[in-house]
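Letter by letter, the chains look like this.
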Amino acid sequence: MDKVKVMVYERPVVIFSKSSCIMSHTIKSLFNDYGVNPTVYELDEIARGREIEQALSGIGCSSVPAVFIGGELVGGANEIMSLQLQRGLKPMLIRAGALWV
């Protein structure tokens, strides 16, 4: 858990992903379409990825993508897409300093 906190602390948007996950790719594309440059950790490609995945599971993220905005866990693909459809994602990104208008 502490390792995850350190990884998300100073970044406006952090995505924990797996390179083979289509939903992770979709969420990363959504942020890129907004012009947001998220910090992405591919858990299947980084050292200690398995350990980080277990820490994420301990805070309620049982699958990827796991998205943090402004240092807070927002959730996975379902939560991000719901925010997008409700027009709540853009204001959240602005508040976190990830997007300027």
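Not measured: the values here are computed from a predicted model. (Residues numbered from 1 in each chain as written. Predicted model: local features only at pLDDT ≥ 70, side-chain atom pairs only at ≥ 80, totals over all residues. Heavy atoms only, no water.)

K.L.:
Tell me what's going on with the packing of aromatic side chains, and back it up with residues and numbers.
P.N.:
Here the structure, examined in full by the defined rule, presents 2 aromatic pairs. Summarising the aromatic geometry, the rings of Phe16 and Tyr41 are spaced 5.4 Å apart at their centres and angled 20 degrees between planes, so their arrangement reads as stacked. Placement of Phe16 in strand β1 (residues 13-17) and of Tyr41 in strand β2 (residues 39-42) is noted, with a sequence separation of 25 residues between them. Here Phe16 and Tyr41 have matching classes, each one buried. Geometrically, the ring pair formed by Phe16 and Phe68 is edge-to-face, given 5.8 Å between the ring centres and 80 degrees between the ring planes. Here Phe16, found in strand β1, pairs with Phe68, found in strand β3 (residues 66-69); they are 52 residues apart in sequence, far enough to count as distant. Taken together, the aromatic side chains of Phe16, Tyr41 and Phe68 make up a single cluster linked through ring pairs. (Phe/Tyr/Trp six-rings, centres within 6.5 Å; stacked < 30°, edge-to-face > 60°. Helix = DSSP H or I, 4+ residues; strand = E, 2+ residues; numbered from the N terminus. Buried < 20%, exposed > 50% of the residue type's maximum accessible area, 1.4 Å probe, protein only.)

K.L.:
Can you tell me about the nonpolar core, naming the residues and giving the values?
P.N.:
Formed by 16 residues in total, the largest nonpolar core has its most connected members in Val13, Phe31, Ile69, Ile80, Leu89 and Leu93. Broken down by secondary-structure element, the contributors of at least two residues to this core are β1, α2 (22-34), β3, α4 (77-85) and α5 (89-95). (Core = buried A, V, L, I, M, F, W, Y, C linked by side-chain atoms within 4.5 Å.)

K.L.:
Outline the sheet that holds β1, supporting the account with residue identities and numerical values.
P.N.:
Taken together, 4 strands build an open sheet; the order of strands is β2-β1-β3-β4 and the sheet is mixed. The open sheet has two edge strands with one neighbour each: β2 and β4 (72-75). Within this sheet the neighbouring strands show an average axis-to-axis angle of 25 degrees, counted without direction. In this sheet, β2 lies alongside β1 in parallel orientation, the contact comprising 4 bridges. Looking at β2, one finds that Ile15 is bridged to Val40. Contacts from α2 reach β1, β2 and β3 within the one sheet, and its direction differs from that of β1 by about 160 degrees. (Pairing = 2+ DSSP bridges. Axes fitted to C-alpha atoms, helices over the stretch in contact; angles between N-to-C directions. Contact = heavy atoms within 4.5 Å.)

K.L.:
Explain the pairing of β3 residue by residue, including any values.
P.N.:
Burial along β3 is two-sided: the face carrying Ala66 and Phe68 and the face carrying Val67 and Ile69 are both buried. Bridge count for β3 against β4 is 3 bridges, and the pairing is antiparallel. Looking at the pairing, Ile69 lines up with Glu72 of β4. In textbook terms, the turn of a hairpin is the stretch between consecutive antiparallel strands, and for β3 and β4 this stretch comprises 2 residues, one of which, Gly70, has a positive phi near 65 degrees.

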